[in-house]
Amino acid sequence: MSSTGKNISIAVGVYVIIKALLNLILGFSFVNVLMLVVAGVIFVLLYKRMPYCNYIVAVYLALVFIAHFWTNITNLSNGFVYWIYLAEGILDLLAGALLAFNKDVKAYFSNN
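In this text, all values refer to a predicted model and were calculated from it rather than measured experimentally.

Caption draft 1: Broad picture of the pattern of salt bridges. All told, the structure shown has two salt bridges when counted by the stated rule. Between Lys19 and Asp92 there is a salt bridge, with the nearest N and O atoms lying 2.4 Å from each other. With Lys19 in helix 1 (residues 3-26) and Asp92 in helix 4 (residues 80-101), this pair connects stretches of sequence that are 73 residues apart. Assessed through its relative accessible area of 15%, Lys19 is described here as buried. Asp92 sits in the buried class, given a relative accessible area of 1%. Asp104 serves as the salt-bridge partner of Lys103, at 3.6 Å between the closest nitrogen and oxygen. Since its relative accessible area comes to 64%, Lys103 is described here as exposed.

Caption draft 2: Just a nonpolar patch on the surface, in detail. Judged by side-chain polarity, Phe30, Val31, Leu34, Val37, Val38, Val41, Leu45 and Met50 come together as a nonpolar surface patch covering roughly 700 Å² of accessible area. Its place among the elements puts Val41 in helix 2 (residues 30-47).

Caption draft 3: Examining the nonpolar core more closely. Ranked by size, the top nonpolar core spans 18 residues in total, and within it Val12, Val16, Leu46, Val57, Leu61, Leu99 and Phe109 carry the most contacts. Looking at this core, the elements that each hand over two or more residues are helix 1, helix 2, helix 3 (53-74), helix 4 and helix 5 (103-110). Looking at this core, the element that brings in the most residues is helix 1, giving five residues. Those residues within four positions of Val57 in sequence are excluded, and the remaining contacts are Ile42, Leu46 and Leu99.

Thresholds, definitions, all that
Residues numbered from 1 in each chain as written. Predicted model: local features only at pLDDT ≥ 70, side-chain atom pairs only at ≥ 80, totals over all residues. Heavy atoms only, no water. Salt bridge = Lys/Arg side-chain N within 4 Å of Asp/Glu carboxyl O. Helix = DSSP H or I, 4+ residues; strand = E, 2+ residues; numbered from the N terminus. Buried < 20%, exposed > 50% of the residue type's maximum accessible area, 1.4 Å probe, protein only. Patch = residues over 30% accessible without salt bridge, like charges linked within 9 Å, V, L, I, M, F, W, Y side chains within 5 Å. Areas by Shrake-Rupley, 256 points an atom, 1.4 Å probe, with all protein chains shown as cover. Core = buried A, V, L, I, M, F, W, Y, C linked by side-chain atoms within 4.5 Å. Contact = heavy atoms within 4.5 Å.

If you want it as structure tokens, here you go:
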């Protein structure tokens, strides 16, 4: 088991939880509460090394970025919140790339 891969996976899981908490603070809604629950599930799946979970979460993060990118870009002049959302999106892409392409993460998930 690669301890570096485990640490990266846990860091991504913690990032997803922090992101969900931030979004809950920025705009309280049922969807944001649900996303906090989803973030908790993602953390557990990454921590427990569910097979192929790293790829599934990477695709999820990329889809979240794609779904919100245009809205964030076109609304940058409407307030700092959209700058935060854009930064989150970029972090989503980086976290997804780490989960999908990092050799240590791949080793961590292949050693079940």
